[in-house]
Amino acid sequence: MTVEQNVLQPGGAAKHQQTFLNQLREITGINDIQVLQQALKDSNGNLELAVAFLTAKNAKVPQQEEATYYQTALPGNDRYISVGSQADTNVIDLTGDDKDDLQRAIALSLEESNRAFRETGITDEEQAISRVLEASIAENKASLKRTHPEVWSDSPNPYDRKRQDNCPVGLKNVGNTCWFSAVIQSLFNLLEFRRLVLNFNPPANAQDLPRNQKEHRNLPFMRELRYLFALLVGSKRKYVDPSRAVEILKDAFKSNDSQQQDVSEFTHKLLDWLEDAFQIKAEEERDGEKPKNPMVELFYGRFLAVGVLEGKKFENTEMFGQYPLQVNGFKDLHECLEAAMIEGEIESLHSENSAKSGQEHWFTELPPVLTFELSRFEFNQALGRPEKIHNKLEFPPILYLDRYMHKNREITRIKRDEIKRLKEYLTVLQQRLERYLSYGSGPKRFPLVDVLQYALEFASSKPVCTSPVDDLGASAPSSGTLPAQTSPSTIDQQGPSSSDVPSTSPVQRSVIHKPFTQSRIPPDLPMHPAPRHITEEELSVLEGCLHRWRTEVENDTRDLQESISRIHRTIELMYSDKTMVQVPYRLHAVLVHEGQANAGHYWAYIYDHHQNRWMKYNDISVTKSTWEELERDSFGGYRNASAYCLMYINDKEQYLIQEEFNKETGQILLGMDTLPSDLRDYVKEDNKRFEKELEEWDAELAQKAQQEKLLSQIPRAPAPSPAPVQAGEPEYLEQPSRTDLSKHLKEDSVQAINKALAEQEDRGPEAIMDTVMLTPNMQGIIMAIGKARNVYDRCGPEAGFFKAIKLEYARLLKLAQEDPPPECDYRLRHAIVYFIQNQAPKKIIERTLLEQFGDHNLSFDERCRNIMKVAQAKLEMIKPDEVNMEEYERWHQDYRNFRETTMFLMVGLEFFQKKSYMEALLYLIYAYQNNKELLSKGPYRGHDEELISHYRRECLLKLNEHAAALFESGDDQEVNNGLIIMNELIVPCLPLLLVDEMEEKDIVAVEDMRNRWCSYLGQEMEPNLQEKLTDFLPKLLDCSTEIKGFNDPPKLPSYSTHELCERYARIMMSLSRTPADGR
């Protein structure tokens, strides 16, 4: 409700006047109440015009007698009727010659504003909110129409959007609507407010009511708010879409703008609309009595303004909703409240003769839900725009308000006087202590106790009898020898001469420059300055005095510190007696803003009163939190986040948070049971639609699985001995087909292996593997068969097979137990090494080995062919129930994922080293995500997470710097390119860095990137750049940690095992030679 509405509705005057004055003070930074009130009066209550009037360069400061501010509080004075009549008769004068252009513009704007209000019933403030809402929805629609590909998109898997157990439901951000989510979630978690909304029934004669603006706006909004609350109660979705409620707000007004809505302003307007909606219902149900509005009962209180003007006292009762508090200059909430409750000089309240003026506020009636609006923005007159205040402000989880109650005003005044006296005494003590701690008259000062100690040390040093420069006379070169010491540069310029011939004469040796030996301190020279002459008697007296003085100073300093601490404790405990802790208010919700004045992101911390824990509501993300996290994000002074609105509830009014009970059974009603029948049906229908999505997804997966199963059951055609590899085998099990190997190559391979075995039995297996270009698996098997040839020759193929497979397994086991450097990762060469390190079941390892020995390409000679046939026979003997093929396939799929992750990492690092950061980023992101999933199953399933995280983070930082440099260039094309990099690459990736709050380096990197862009807010720039920056910053500052699904990953080239291992080793070795940059 604006001041303009108050002009037309005098009954609401006392309720909002102070709110508007505080808003003007916050925006403009002007603290003079007379100036603010005159500007509000001259602008006919229009806040925008009042701000323009106060900040205009050539505007005249309104002049007004001091009595003007206080006359509104005197008995019989109706300020709003007076303002209204003046606005109608005196303000609008377009013909007067004595008005300047600014006054004409204001008068014309006032006339247009009043005409619009009379015709439509819509105030300028409501139109401003309309612009924001419309922009939010337009941006959401525009984002749906974007044609360029996004890095992330909503997961098509509905199970990713399914609510887990009874986890609270989130709200989707439909375009710069995080402010809406924060406020709605805070109110929804007030169970009494939730009940009021859910059980609201539209008036029975709603169709017969005049079709005025309130009916058009409030009743449809209440309907959508009921639906939204019902979904938050019983939906099976992880988050729900509030677009319809936002659409109602947008449709109520017609305008457009593109700034995020202010939380406190939105909360104020929302409660006004709800109040109006309940008022319609209350007036319908009243029985001759004045109707009670539950919104007013819940959120509005009263305070008594007690003032003095030129010795004359006055009292006035006013209603308040959100209570505004200034932050700047205060350290905690009580200091803010003390300052807000006292305006001006109030000594005259306690004496009859003083002429000083001022007023106090005393709460006479506190609302069950008390909301404090923290003014964290101030208007920078030099820059002509608001700036955010990042100062730290502490607030307690339990707030005792007894000291601000009217019934306790006498004892509070006594305590305030005592605190004032103590603080004055405290100031004197602190000044005295400062003289001890910062002693001296020059620019550098030291603690007096240290000065005395230094003097004592000087006096106690060993006396010296010479000047500190006399001792160096013997070693210093004489002036006669200086010309003979020619500098090296002079020698170089003159070239060699006959005088340069080496000589052994003393004169020649004396001019040799020896800087280290010549600069040594003589052994008898003291290390510190010391007295030249001092007697034992003098030293004794001086030491005694210095010791005594030092002890006296130490005692004085300690006494002062103890006195200061004692006074601090006395002040802290001043209101802790039993009579002053009878009105406890518990912190229910904290609405946090991160960013700057022009842009930012909102989220809420809300206390779960039944689980006794804090929850963080960040759009669709709802997570458990702690008081420590709340302190870090809400108190301010840390990063750019701070509390913007505090919601306290009366701790003695349990009905506010009490669950609903069944009147018949007495049992607690939970979930869907708390909903009225119409809302229960609405939620059930939405849940059915979601369940249908799940069923369709399951059916699609089942169909794909069935198709894959049918394909796998197609019988393979029996291949002759020299057959190519079976189709569908994993790449790491594939061997070169026999058709690709000439007879000459096979003979050379066998001969090379046999020769290596015969001549170099003591060499390791890796040396033999390097002699032929076969896959690592094939090399190992051929080596094992070669080593088992004696057993094969004596006992036959089966015994040779068992010997060979035992040797190969022992070799792979040894490799798995080694700890090689990163560039020599045996897991890439052998799947079985990967399986052993990750403790795969023995049956999985055995079958994998059998498949490798049974490969058709193992047909180099008769011995290899016979052993291959034995392995194939063993495979056929394995019964279906002996090896779980699904588990077997899962292990091999994990290994394929490991190789794929390696490829992503390798290609990403190669691009990074080429400084192709845009190309590298996507590969590194997929490498990190896939690797994180692998590591969740075991520590040896993936690669070094810190390494991937480091290069992913560095890639983002370098891209951010590049984008910022493009933006700073000012060229339209380069600016657009820079913003494209931010919007399409960096912004979508930030949730990945924020999701794990234990990764402090990632969080710091995100803050560095944000701060780089936020720093532009304080700089002069072209209007088009300012517009683009304002549009972009909310996306950058969005703190949502939702991890969205991937689009198609980048294409990976095909690598053989040898090529993969070689390239991976090369890139890892190059990294080991590169500084880690803090990694």
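- Under an unreviewed UniProt entry, the protein has the name Ubiquitin carboxyl-terminal hydrolase 25 and belongs to Cairina moschata.
- In its Catalytic activity (unreviewed entry) section, the UniProt record describing the protein reads: "Thiol-dependent hydrolysis of ester, thioester, amide, peptide and isopeptide bonds formed by the C-terminal Gly of ubiquitin (a 76-residue protein attached to proteins as an intracellular targeting signal)."
- What the UniProt record of the protein gives under Function (unreviewed entry) is the line "The muscle-specific isoform (USP25m) may have a role in the regulation of muscular differentiation and function."

Quick notes on the pairing of strand S15 (residues 613-618)
Next, step 1: For S15, the tally of buried residues reaches five of six residues, placing the bulk of the element in the interior.
Next, step 2: Linking two consecutive strands that pair antiparallel, namely strand S14 (residues 600-608) and S15, is a turn of four residues; a positive phi of about 55 degrees is found at Asn 612 within it.
Next, step 3: Where S15 meets strand S16 (residues 621-625), five bridges bridge the pair, whose relative direction is antiparallel. Among the inter-strand pairings, Tyr 617 is bridged to a residue of S16, identified as Val 622.
Next, step 4: Joining the antiparallel neighbours S15 and S16 is a turn of two residues, in which Asp 619 adopts a positive phi near 55 degrees.

Concerning the pattern of salt bridges
Next, step 1: All chains considered together, the criterion is met by 42 salt bridges.
Next, step 2: Between Glu 394 and Lys 392 there is a salt bridge; the shortest N-O distance is 3.7 Å.
Next, step 3: Accessibility expressed as a relative area gives 39% for Glu 394, which makes it partly exposed.
Next, step 4: The class for Lys 392 is partly exposed, based on a relative accessible area of 46%.
Next, step 5: Overlapping salt bridges, with partners in common, bring together Arg 161, Arg 237, Asp 686, Arg 689 and Glu 693 in one network.

Examining unusual backbone geometry
Next, step 1: Backbone geometry places Asp 619, a non-glycine residue, at a positive phi of 55 degrees.
Next, step 2: Relative to the helices and strands, Asp 619 resides in the loop between S15 and S16.
Next, step 3: With phi around 65 degrees, Lys 915 is a residue other than glycine that occupies positive phi space.
Next, step 4: A relative accessible area of 62% places Lys 915 in the exposed class.

Some words on the UniProt feature "coiled-coil region" (unreviewed entry) in the protein
Next, step 1: UniProt records the feature "coiled-coil region" (unreviewed entry) at residues 680-707, using the numbering of this structure.
Next, step 2: Counted over residues 680-707, helix gives 100% and strand 0%. Its end C-alpha atoms are 40 Å apart.

Side note on the nonpolar core
Next, step 1: One finds Phe 853, Leu 858, Leu 909 and Trp 1013 to be the most contacted residues of the largest nonpolar core, which totals 100 residues.
Next, step 2: Among the elements that make up this core, the one with the highest residue count is helix H36 (residues 972-994) (twelve residues).
Next, step 3: If we skip the residues at most four places from it in the chain, Leu 909 touches Leu 924, Leu 947, Tyr 951, Ile 1067, Met 1068 and Leu 1071.

Quick notes on the packing of aromatic side chains
Next, step 1: In the structure shown here, the tally under the stated rule is 35 aromatic pairs.
Next, step 2: Ring centres of Phe 303 and Phe 320 lie 6.0 Å apart, and the angle between their planes is 40 degrees; on these two criteria the pair is classed as tilted. One end of the pair, Phe 303, is in strand S4 (residues 301-309); the other, Phe 320, is in strand S5 (residues 312-320), and 17 residues separate them in sequence.
Next, step 3: Centre to centre, the rings of Phe 912 and Tyr 917 are 5.3 Å apart; their planes meet at 65 degrees, and the pair counts as edge-to-face.
Next, step 4: The buried category is assigned to Phe 912, whose relative accessible area is 11%.
Next, step 5: One aromatic cluster is present, formed by Phe 395, Tyr 607, Trp 614, Trp 627 and Phe 635 through successive ring pairs.

Concerning the packing of helix H31 (residues 842-853) against helix H32 (residues 862-877)
Helix packing for two helices is described by the angle between their axes and how far apart those axes are.
Next, step 1: One can describe the packing of H31 onto H32 by two numbers: an axis separation of 8 Å at closest approach and a directional angle of 140 degrees. When the axes of H31 and H32 are compared, the pair comes out oblique. Crossing hand, H31 versus H32: left-handed. Of the residues in H32, those in contact with Arg 847, Leu 850, Glu 851 and Phe 853 of H31 are Ile 867, Met 868, Ala 871, Lys 874 and Leu 875.
Next, step 2: Residue composition of the contact of H31 with H32, grouped by class: six nonpolar, no polar and three charged.

So, H36
Next, step 1: For H36, with 23 residues, the first-to-last C-alpha span of 31 Å sits near the 33 Å given by 1.5 Å per residue.
Next, step 2: At Ile 986, H36 shows its maximal kink, close to 40 degrees; a proline, Pro 988, follows between one and four residues later.

Rules and cut-offs
Residues numbered from 1 in each chain as written. Predicted model: local features only at pLDDT ≥ 70, side-chain atom pairs only at ≥ 80, totals over all residues. Heavy atoms only, no water. UniProt positions renumbered as here; feature names shortened; annotations may be inferred. Buried < 20%, exposed > 50% of the residue type's maximum accessible area, 1.4 Å probe, protein only. Helix = DSSP H or I, 4+ residues; strand = E, 2+ residues; numbered from the N terminus. Pairing = 2+ DSSP bridges. Salt bridge = Lys/Arg side-chain N within 4 Å of Asp/Glu carboxyl O. Core = buried A, V, L, I, M, F, W, Y, C linked by side-chain atoms within 4.5 Å. Contact = heavy atoms within 4.5 Å. Phe/Tyr/Trp six-rings, centres within 6.5 Å; stacked < 30°, edge-to-face > 60°. Axes fitted to C-alpha atoms, helices over the stretch in contact; angles between N-to-C directions. Parallel < 35°, antiparallel > 145°, perpendicular 65-115°, else oblique. Left-handed = near helix turned anticlockwise from the far one by under 90°. Nonpolar A, V, L, I, M, F, W, Y, C, P; charged D, E, K, R; others polar. Expected span 1.5 Å × (residues − 1). Bend = angle between axes of the 7 residues up to and from the residue.

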